[in-house]
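Okay, here's what each chain looks like letter by letter:
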Amino acid sequence: MAKGTEIVLAVPAKGTFEECTVSGTPKPGTCMEIVPATAPANGRFTYRAKSLTAGSKGGVAVLLPDRLQGKLETDAYVSGTRGFLYWPVAGEELNLLVADVAGTADDVAIGDLMGIDATGKLHANAAYTSAPFMALEPITDPTADYLLWVKYLGNNA
């Protein structure tokens, strides 16, 4: 599962990097959104796991591991800490967090469209208004959330 150990696989990366303050305890590979009506602190806005309606359209910011603190892509953040985001451009490949749905056959095939659910994790669901990611690897019978190799198709996909 996943390709390598990085979240951003594009070399060189074409998107934009940003620092933030993290709200909640998301793991790297989670899609994030700015916390509304919250002023920046120390020049950084506060971001949380995307919590809008599942599959809604909008910009995509991806949480990166805190490599400055020696953290891995499997280490969750602590609320209130400095975080690192990446805003991808269409065509880039990433490893993103997929939500496992317990008790279901949520297999993923290469080419499946993935939308962002209301927890900031990807979910295979072509019925979403927006499905901005495409799976690049197959997954069979997952038992927990996992990182999946995907291609970003753009904000309006």
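Described below are features of the structure shown in this document. Note that the structure is a prediction, hence the values are computed from the model and not measured.

Thresholds applied
Each chain carries its own residue numbering, running from 1 in the written order of its sequence. Given that the model is predicted, a residue must reach a pLDDT of at least 70 before its local features are reported, and side-chain atom pairs must reach 80 or more before they are shown or counted; all residues, however, enter totals for whole chains, interfaces and linings. The side-chain numbers reported here are obtained from all heavy atoms of the structure, hydrogens and water having been left aside. We call a set of buried Ala, Val, Leu, Ile, Met, Phe, Trp, Tyr and Cys residues a nonpolar core when their side-chain atoms join them within 4.5 Å. Summary of the burial criterion: residues with accessible area below 20% of their type's maximum are buried, those above 50% are exposed, and those between are partly exposed, where the area comes from a 1.4 Å probe applied to protein chains only. Helix and strand assignments come from DSSP, with helices taken as H or I runs of at least 4 residues and strands as E runs of at least 2, each series counted from the N terminus. In this description, a disulfide is simply a cysteine sulfur pair whose atoms lie within 2.5 Å. Only when DSSP finds a minimum of two bridges between them are two strands counted as paired. The salt bridge definition used is simple: a Lys or Arg side-chain nitrogen within 4 Å of an Asp or Glu carboxyl oxygen. For helices, the axis comes from a line fit to the C-alpha atoms of the stretch in contact; other axes are also lines fit to C-alpha atoms, and the angle between any two N-to-C directions lies between 0 and 180 degrees. For Phe, Tyr and Trp, where Trp contributes only its six-membered ring, two rings pair if their centres lie within 6.5 Å, and the inter-plane angle classes them as stacked under 30 degrees, edge-to-face over 60, or tilted in between.

Let's shift gears to the nonpolar core. Judged by nonpolar contacts, the single largest core of 32 residues is most densely connected at Leu94, Leu96, Leu122, Phe133 and Leu148. The element contributing the most residues to this core is strand β10 (residues 146-152), with five residues.

Further remarks concern the state of the cysteines. Under the defined criterion, the tally for this structure stands at zero disulfides. Left unpaired, Cys20 is separated from the closest cysteine sulfur, that of Cys31, by 13 Å. Classification of Cys31 by relative accessible area gives buried; the value is 1%.

Next up on the list: the pairing of strand β6 (residues 93-98). For β6, the buried fraction is high: five of the six residues fall into the buried class. In this structure, β6 lies alongside β10, joined through six bridges in antiparallel fashion. Following the sheet pairing, Leu97 is matched in β10 by Leu147.

Turning to the pattern of salt bridges, a few remarks are in order. All chains considered together, the criterion is met by seven salt bridges. The residue Arg48 makes a salt bridge to Glu33 at a minimum N-O spacing of 2.8 Å. You can see Arg48 sitting in strand β3 (residues 46-49) and its partner Glu33 sitting in strand β2 (residues 31-34), a full 15 residues away along the chain. On the basis of relative accessibility, which here comes to 27%, the residue Arg48 falls in the partly exposed class. Two residues, Lys151 and Glu93, come together in a salt bridge whose shortest N-O distance is 3.6 Å. Taken together, the residues span a long stretch of sequence, with Lys151 in strand β10 and Glu93 in strand β6 at a distance of 58 residues.

This part covers the sheet that holds strand β4 (residues 61-64). Judged by pairing direction, the barrel is mixed, and its five strands sit side by side in the order β1-β3-β2-β4-β5 before closing back on the first. When the angles between neighbouring strand axes are averaged without regard to direction, this sheet yields 55°. Relative to β4, β2 is paired through two bridges, and the arrangement is antiparallel. By the bridge assignment for β4, Cys31 is matched with Val62.

Bringing the packing of aromatic side chains into the picture now. According to the stated counting rule, one finds three aromatic pairs in the structure shown. Measuring from ring centre to ring centre gives 6.5 Å for Tyr47 and Trp87, while their planes differ by 75°; the resulting arrangement is edge-to-face. Taken as a pair, Tyr47 in strand β3 and Trp87 in strand β5 (residues 82-87) lie far apart in primary sequence, 40 residues in all. We classify Tyr47 as buried; its relative accessible area is 5%. Geometrically, the ring pair formed by Phe133 and Tyr152 is tilted, given 5.1 Å between the ring centres and 45° between the ring planes. Pair noted here: Phe133 is in strand β9 (residues 133-135) and Tyr152 is in strand β10, with a separation of 19 residues, a long-range link. Across the pair, Tyr152 and Phe133 agree in class, each one buried.

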